[in-house]
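# Coordinate analysis (summary)
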Amino acid sequence: MSENKTRTRKFNGSTYAPVTIKGVNLAGKTFLITGTTSGIGIETARSLAFNGAHVVMLNRNVAESEKLKKKIVEEMYDAEIDIIECDLNSLASVKRAADVFIEKHWPIHCLISNAGVFGTASKTTLDGLESHFGINHLAHFLLIQELLPIIRNSTPSRIILVSSSVHASCGVTPEMSIDQKIKVLCPESPLDASWFRLYSRSKMCNMLIAFKLHRDEYINGISTYSVHPGNGVRTSIFRDSWLVSFASILSTPFTKNISQGASTTVYCAGHPEVANVSGKYWESNWDDEKNLYKEVARDEELQDALWKHSESILMKYLDDRKNSCLFEC
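Residues numbered from 1 in each chain as written. Predicted model: local features only at pLDDT ≥ 70, side-chain atom pairs only at ≥ 80, totals over all residues. Heavy atoms only, no water.

Per an unreviewed UniProt entry, the recorded name for the chain is Protein CBR-DHS-7, and the organism is Caenorhabditis briggsae. According to the UniProt record, the Sequence similarities (unreviewed entry) comment for the chain is "Belongs to the short-chain dehydrogenases/reductases (SDR) family." (UniProt positions renumbered as here; feature names shortened; annotations may be inferred.)

Listed below in C-alpha cells is the structure:
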C-alpha cells in the first residue's frame, strides 16, 4: 500500500470533480455506479463519462436515468452509457440487476456504491428491513457479492463505498462484545434508534465492509476506498427530512456543491496515482484519516463478523422466500 509521503496533495475539498481526473484517459474502462439520478451520483457519472469511461448506471428511476444519459450525450456525443434498473429498496431487484449485468459480459473496473438514504420517510424496505441498513448497507453488500467474481476478473480494479464522517456517531464502543456491536449495527426495527443514529450505523457498515474487502481482495488486484463526500453536501439525500433540508439550505455558503462532493469519489475511481492506495478512508481528496473512528472501523474481528452476519441475513431471506421464486422471477 502506498503511503502519503510518496504523493503530493494536488486537490482539496474545494476541487470540482472533473478537475481531479483532467487528462486521464478512461477509455476501455467500465464503471458501475448506483444512484446517479440525483446529487453527487450525477456528477460522478458525468465526470467519468467525459473522460471516455463506459458508465453503467444502476437506478430505480429509469426515466430520470434516460434524461441524464441524454444530457451527457448532448455534451459529449460519443459518451458510452448504459442503464440497468435497480431498486435498492428490494433485494430481489438488486439480484435481478446483478443478473442483467452478468449477462452483458461487461467487465467492472470500478464499482461505486454511491446511492443512499438519510432520514427516509419509509422506515422499512420492501423486505421489511430497517431502511438505512437495508438500502445503504445490505443492498450494496448483495451487489458486491454477486459481482465480485467479475471485479476479480477485471483487475486491476477498484471498489468504492461512499460512507460518511458521521460513522463515528454509530453508538458502537470498543468495549462492547462482538455480539453487542453487531446488534447495534444491524437494527431489526426502525424504532431501535433515531434516524440519524440509524444512518450513522449504516455508514459504519459501509466502512467496515470496505476495509474487509481490502484485507481479502487487495492481493487479488482490487483496491478499495471508503469515501466521505463532505459535510452537508447540497444533495437531495435530505429530501425526506424537512428539518435537515432547512438546515442544509441555511448552511449553503459553508458546504460543498455536488461537483465538489463528487470529487473524492471520482479521484479514487479514476486517477492512476491512487490506484494502489487501498484500504483507506478518504475526505476532500486525501486519506489522512484524522476523522476515522479507528477503534471500531479498524476492528478486523468486527469486519469479519459483519460480513458473516450480512451473509446470514441474505441466506435467511433466500430460505424464507424460496417458494416465491423471488430470486428467479
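### Details of the overall build of the chain
Along its length, the chain carries 11 helices and 7 strands. Within the chain, buried positions represent 55% of all 329 residues. Considering only contacts in the chain between residues 6 or more positions apart, those separated by 24 or more positions represent 77%. Summed over all atoms, the accessible surface of the chain reaches about 14,200 Å², with 52% contributed by carbon and sulfur. (Helix = DSSP H or I, 4+ residues; strand = E, 2+ residues; numbered from the N terminus. Buried < 20%, exposed > 50% of the residue type's maximum accessible area, 1.4 Å probe, protein only. Contact = heavy atoms within 4.5 Å. Areas by Shrake-Rupley, 256 points an atom, 1.4 Å probe, with all protein chains shown as cover.)

### Comments concerning the packing of aromatic side chains
Here the structure, examined in full by the defined rule, presents 8 aromatic pairs. Judged by centre distance (5.3 Å) and plane angle (80°), the ring pair of Phe-11 and Tyr-267 falls under edge-to-face. With Phe-11 in the segment before helix H1 (17-20) and Tyr-267 in helix H9 (residues 258-270), this residue pair connects regions lying 256 residues apart in the sequence. We classify Phe-11 as buried; its relative accessible area is 10%. Clustering of aromatic rings is evident, with ring pairs tying together Phe-11, Tyr-225, Tyr-267 and Trp-282. (Phe/Tyr/Trp six-rings, centres within 6.5 Å; stacked < 30°, edge-to-face > 60°.)

### Details of helix H6 (residues 178-185)
Of all the positions in H6, only Ile-178, Lys-181, Ile-182, Val-184 and Leu-185 are classed as buried. For H6, the arc enclosing every buried residue in end-on projection is 160°, short of the 170-degree limit, so these residues lie on one face. Projecting away from the buried face of H6 at angles above 90 degrees are the exposed residues Asp-179 and Lys-183. (Arc of directions from axis to C-beta.)

### Things to note about the pattern of salt bridges
The full count for this structure, using the stated rule, is 16 salt bridges. Between Lys-70 and Glu-74 there is a salt bridge; the shortest N-O distance is 2.5 Å. Remark: Glu-74 and Lys-70 occur in helix H3 (residues 62-75); sequence separation between them is 4 residues, near one turn of the helix. Assigned by exposure class, Lys-70 and Glu-74 land together as exposed. Measuring nitrogen to oxygen at the nearest pair gives 3.9 Å for the salt bridge that ties Lys-95 to Glu-146. Of this pair, Lys-95 sits in helix H4 (residues 91-104) while Glu-146 sits in helix H5 (residues 131-153); the two residues are 51 residues apart in sequence, bridging distant segments of the chain. Given the relative accessible area of 25%, Glu-146 is considered partly exposed. A single network of salt bridges, built from pairs that share partners, joins Lys-212, Arg-215, Asp-216, Glu-300 and Asp-304. (Salt bridge = Lys/Arg side-chain N within 4 Å of Asp/Glu carboxyl O.)

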